[in-house]
Amino acid sequence: MLPDPELTLDSKRKETLNEFLEVLRELVARDSATVEGKPQQSTENEKQFPASSEEKLVLEGIETFVNFEKRVESLDKELRNFDNGARQLGSSAALLLAASRLRERLVRLLFIFRDNTANLFPRRIARQSRDTLVNPNIVDRRGKVHHEALKFQAFMAEDGFAIEAIPQELEGFARDLRMLLHSLNDFPEFRDDAVNSSIHAFAGELEYRASCLTEYKGHFRLASVQQYVHGLTAEIGSHIDVVTSNLAMFIDVGVPTIQLSQQYAASNLSNLATFGTIFSVVTATLLQLSYRNADTGLARTINAFWFSSLVFSVAAIATSLLGLAWTQAIHRSPNHRVPWWVLTWIRRSPLVLLVNAVMCFFVGLMLVTYTISDNMVTPILISIIAAITSIGLASSLCWIVSERFVFIHHRGHIWLEDLMLETIKHITAPIRRTTRHLYSRFRGLPLYVRRPPPARSIERATGDENIQYAAPTSYAVSTVSPSTQDDVASIVSESTPDEQEEARRARARERFKKAVRTVISMQSYPRTFGTQSLDWMMHASPASRTPSIGGKVARRYGLSALSQKLRNLECTEDISPHQALVRDLQFSPDGKYLATASWDKTACIFKVAEPSIDHHVLYHERGFTEQILWSACGSHVLTRSPRGIKIWTKDGVCLKTFRRPHMVQYLQWVPLGDMSVLSVEGSEIAKLDKDGEVLETYSFGRVQLRRIVVTSDGHRIIGIGPIGEAPNGLHPSRPARVEKRIVVYNTRTRLCESQIPLFQDVSDVKLARNNSHLLFSFSDQSPPQLWKMDLVGGRGRAPRNCARLTFRHAFSSPVSVEYVGLTFGGKNDQFIVCAGKSGDILIWDRESANLLHHIYPTNPDQDLTCISCNSFAGDPFAFAVGGHDGSIRIWSTYLCLTPMTPSHDPHDMTPPESQASYSPRGWPTDRIPADNFLKVVTPTRRLRSPSMTSTAFLSRSSSESAYGTQRSMSQKSDT
């Protein structure tokens, strides 16, 4: 019988699939070996093509997770040591329980962060099995797992996405840390404020992050949110290191200290029990002799006292042994979980009972002497000794009890001796006042003594301060003439209360003068400030799309050509129209004018072709000029001061001025609007008409906006800024570590379409002309980042398309640069141009993030503050930078193209890239088409001095850093 062809085909398919699965297993095993610290040998391709910036970011992200994993393992190891060390202590059940729950929590957190990292870097980080969620070493004695672990397993089985549970796990981690801290504080023998403050700060930080992450429920599958969660590993890891060191210190120092203190308390209780046993034996022996003679009332009284002494001593023995066993018990309740009367009876009653037993025994012994002695000497002597001893014991007991009461009631500010002296002083004050008055009246002593001038004052040292007493003089008032300072002091002490009050005020004034002189002298010395605390922040390493080697080679020659063109950049204009730093500058949409704003309360409008010949100055009455902005049609200019907004024409005529009740953080024109303005004021954006009336208000919740950009259709506003507080009202442990967000707000639906959390402090945002890309800069020397904005299907209350932001790449530089401004540049926004504070200017390719050109500063005092590109001029490429000294420098390539207005309609909103065509380099002027809106003119430049080449910026090509083959050419260009 012939075999069925379909069955034969199925078997071949199975064999092929099995072979394919084997290959996949080998690849996964190889990647896992790389992650575990066994790097593969570098190949010839890796040597020939070094790692790109995206690959470096991926490696940094993997290294961040590996460091976090090591920190968690180190904390788990210290918790195991802590568990073993705490078992030697009494009342360590709470510590053991807290350590066990912390270890369980760490297992789940490490699983969540590993799963999130595996989502970001699937080929570099292997996922863990869910069986690892149950640690067999931390189950209870009955073999049961904690209910929270079972709850997490059920959540994983239902949802299958571990990162969704991270807010609950972080909040639970904070609870476990506080439980551990409360358990440590139950031991009064060892207290450390550093441990309390560090754990409190860590728990507060976890609660703050957990509350913020609850707002991203349902969005944890987005790469941007996953990247933010991945960035939490660095911050949590730094706190974990602090907790680990504190636990190690507790094991090395705290456990021996607590153990020694507990041993001392146990020895005291044991000594009390021993003494009570011996004393009860003596009392019982004497009681046997006196119990037979109970004929008289005195004998029965003796037996009653000795029986009472025996009962007190036996009770003291039992209570001491009970307290000894309770103190050394591991599973006893913490002190704050035990009623106060139980603690008082166990800790204080043995000594009180033993003192009562001794006093009852002394009373009975004293009565015995009256029954058996023939003379009165022995009973009287024994009575005196017994009374003195009993009074001493009772006084000591009252002193011990009062000491504790006064210390707790006054929180250690007043001791018992101070309270007793103050009480005695208040009680005896009327008696002393009456005695002094009678003594001065009947003995004829003077009622008061006049104070001499301060120069003749006599100082008498009393204790630690100098008290000045007035020396007697020969005035008309009756005085005495003492010969020593003690006589003077005695006379002054006998003066009236009014004079004493006046003398006290005079001494207080003198002490105040001395304190003022001391402060003035201290201010004359130089102060020494401490170093700044280390910043715990570690930048997040976003998941990037690494281009293939073939794609790099394909774009290589095009980028080389761009780099060759950018080498021709030079400073064509250098003017100084301002007296203070230039805060903002912007080219007009048609490229004809350049507007600048400065802190000298002025703004200027220049012609690009002839900036040094003619310009308009816009004066402001109050406040610094922070921002200047051209309208879309290029006919009006908008300027911003802290609380004022002005609208100008391009000829420098002020059309409207209106004040705002709140601080204005930023301004934007409303696209396609009739002179409407968006004013950023805190967490709200007010839409104002040309008269300053509020048309609409857009609320961004708790986000304190700093900068905004608006899409060309006006439907979406992208804002950046920190959040004021978490949804539950919490704040981070450090104000600098607040969460920053990128928010996309839809003006039609009035809903927030997207929120991106960030760790870095976002300072500025720019939007490409086609609304496809966003450029963000940061104030902590982090490289600028490029994000892409796409429209996806809406969800829930947003039925229309929603904007979604996706991280593209970061623009890194070979040197550390503090960026002060960035912008898109080029004909189609194909360049990213950034200015550094120290004078560096860097130009990258937008798509590949390769550094095309780097202009290095030559003058260290030539600081930059802002930058702007002439978007209308594509070739030649031109941009302007503002300086801290009020100067403005325009950079361009060899040819200068003066743009002309393509349309006479001032309301024409056609994008410039669709209106303009550009003259290629080298074309003669007679071949430019008639419909071209640009004309070639002769370059007109005004150099700063004949030796401009020695003082201007040194333009140096950095293309050799991105393209090894162009190194020799760039060196020739530099020469």
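Since this is a predicted model, take the numbers as computed values, not measurements.

This brings us to the sheet that holds strand 12 (residues 666–669). In spatial order, the strands read 12-13-14-15; together these four strands make up an open sheet with antiparallel pairing. One side of each edge strand has no neighbouring strand; the edge strands of this open sheet are strand 12 and strand 15 (694–699). Averaged over all pairs of adjacent strands, the angle between their axes in this sheet comes to 20 degrees, without regard to strand direction. Note: strand 13 (residues 677–681) against strand 14 (residues 684–688), five bridges, orientation antiparallel. Bridge pairing in strand 14 places Ser679 opposite Ala686.

Next up on the list: the sheet that holds strand 20 (residues 762–767). Within a beta sheet, neighbouring strands are joined by backbone hydrogen bonds and run either parallel or antiparallel to one another. Taken in spatial order, the four strands line up as 20-21-22-23 in an open sheet, and their pairing is antiparallel. A single partner strand is all that each edge strand has here, and the edge strands are strand 20 and strand 23 (802–810). With direction set aside, neighbouring strand axes in the sheet form an average angle of 30 degrees. Note: strand 21 (residues 773–778) against strand 22 (residues 785–792), four bridges, orientation antiparallel. Counterpart to Leu774 in the pairing with strand 22 is Trp787.

This next bit is on the packing of helix 9 (residues 297–327) against helix 10 (residues 340–372). Put simply, helix 9 and helix 10 touch, their axes get as near as 7 Å, and they point 160 degrees apart. As far as their axial angle goes, helix 10 and helix 9 are roughly antiparallel. The handedness of the crossing between helix 9 and helix 10 comes out as left-handed.

Enumeration over the complete set of coordinates arrives at 28 salt bridges. The salt bridge partner of Glu169 is Arg108, with a shortest N-O separation of 3.1 Å. Here the residue Glu169 occupies a position in helix 6 (residues 166–185), and Arg108 occupies one in helix 4 (residues 93–120), the gap between them amounting to 61 residues. The same class applies to Glu169 as to Arg108, namely buried. A salt bridge links Glu847 to Arg846; the nearest nitrogen and oxygen atoms lie 3.0 Å apart.

Along its 33 residues, helix 10 runs 47 Å from first to last C-alpha, staying within 8% of the 48 Å computed at 1.5 Å per residue. At Ser349, helix 10 is deflected by roughly 55 degrees, the largest bend along its length, and proline Pro350 occurs up to four residues later in sequence.

Another point: a nonpolar patch on the surface. Together, Leu298, Tyr370, Met376, Ile380, Ile384 and Ile388 make up an exposed nonpolar region whose accessible area comes to about 560 Å². The element best represented in the nonpolar patch is helix 11 (residues 377–409), accounting for three residues.

With that out of the way, let us pick up the packing of aromatic side chains. Enumeration over the complete set of coordinates arrives at 19 aromatic pairs. Each residue in the set Phe275, Phe279, Trp306, Phe361 and Phe362 is aromatic and connected to the rest through ring pairs, giving one cluster.

Procedures and definitions
- Residues numbered from 1 in each chain as written.
- Predicted model: local features only at pLDDT ≥ 70, side-chain atom pairs only at ≥ 80, totals over all residues.
- Heavy atoms only, no water.
- Pairing = 2+ DSSP bridges.
- Helix = DSSP H or I, 4+ residues; strand = E, 2+ residues; numbered from the N terminus.
- Axes fitted to C-alpha atoms, helices over the stretch in contact; angles between N-to-C directions.
- Parallel < 35°, antiparallel > 145°, perpendicular 65-115°, else oblique.
- Left-handed = near helix turned anticlockwise from the far one by under 90°.
- Salt bridge = Lys/Arg side-chain N within 4 Å of Asp/Glu carboxyl O.
- Buried < 20%, exposed > 50% of the residue type's maximum accessible area, 1.4 Å probe, protein only.
- Expected span 1.5 Å × (residues − 1).
- Bend = angle between axes of the 7 residues up to and from the residue.
- Patch = residues over 30% accessible without salt bridge, like charges linked within 9 Å, V, L, I, M, F, W, Y side chains within 5 Å.
- Areas by Shrake-Rupley, 256 points an atom, 1.4 Å probe, with all protein chains shown as cover.
- Phe/Tyr/Trp six-rings, centres within 6.5 Å; stacked < 30°, edge-to-face > 60°.

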